Amino acid sequence: MSGKGGKRVAIGARPPTDPNTEAWIRQGDANAVQKGELYTARLTLDVTPAMRARIKVSAFTRNTTVAELLRALLEREFPEEGA
């Protein structure tokens, strides 16, 4: 492919990388895939701004995310049958 002046720009070989860095990057991808496989359904819930604030504060004080907090609450309230 050529630019305006007809000059071609060569792209060199990919520099060697640290194998530990590559493994770390691939691990992050695997975690994202696993999470996507676990949580494939989205649930929308309307709450008051005050309730949303209380939920966010509760999650923050427990050092977790709102999603994790609510998933745990729903698991406790609606356990799988036979569990």
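So, a few notes on the structure that sits alongside this text. Please read these numbers as outputs of a predicted model, since none were measured by experiment. (Residues numbered from 1 in each chain as written. Predicted model: local features only at pLDDT ≥ 70, side-chain atom pairs only at ≥ 80, totals over all residues. Heavy atoms only, no water.)

1. What about a nonpolar patch on the surface?
Rule in force here: Patch definition: residues with relative accessible area over 30% and no salt bridge; like charges joined within 9 Å; nonpolar side chains (Val, Leu, Ile, Met, Phe, Trp, Tyr) joined within 5 Å. Every accessible area reported is derived by Shrake-Rupley at a probe size of 1.4 Å, with residue values counting cover from the shown protein chains alone. Here a salt bridge means any side-chain nitrogen of Lys or Arg lying within 4 Å of a carboxyl oxygen belonging to Asp or Glu. By definition, any uninterrupted DSSP run of H or I lasting at least four residues is a helix, any uninterrupted run of E lasting at least two residues is a strand, and each is numbered from the N terminus. For each residue, the accessible area found with a 1.4 Å probe, counting protein chains only, is set against the maximum for its type, and the residue is called buried under 20%, exposed over 50%, and partly exposed in between.
Taken together, the side chains of Leu 43, Leu 73, Leu 74 and Phe 78 present a nonpolar region at the surface, about 440 Å² in accessible area. Residue position: Leu 73 is located in helix H3 (residues 66–77). With a relative accessible area of 42%, Leu 73 lands in the partly exposed category.

2. Observations concerning helix H2 (residues 49–61)
What counts, and what does not: In this scheme, a helix's expected span is set at 1.5 Å multiplied by one less than its residue total. This arc describes the spread of directions from the helix axis toward the C-beta atoms. We call two residues contacting when some pair of their heavy atoms lies within 4.5 Å.
With 13 residues, H2 ought to run about 18 Å at 1.5 Å a step, and its terminal C-alpha atoms sit 18 Å apart, in line with that. Looking only at H2, the buried set comprises Ile 55, Ser 58 and Ala 59. Down the axis, H2 shows its buried residues gathered within 100 degrees of arc, on one side only. Every exposed residue of H2 that faces more than 90 degrees away from the buried side is listed here: Pro 49, Val 57, Phe 60 and Thr 61. Where H2 is buried, its residues touch H3. Immediately downstream of H2, the backbone of Asn 63 shows phi near 55 degrees, a positive value.

Remember that the coordinates give geometry; whether it matters functionally is a separate question.
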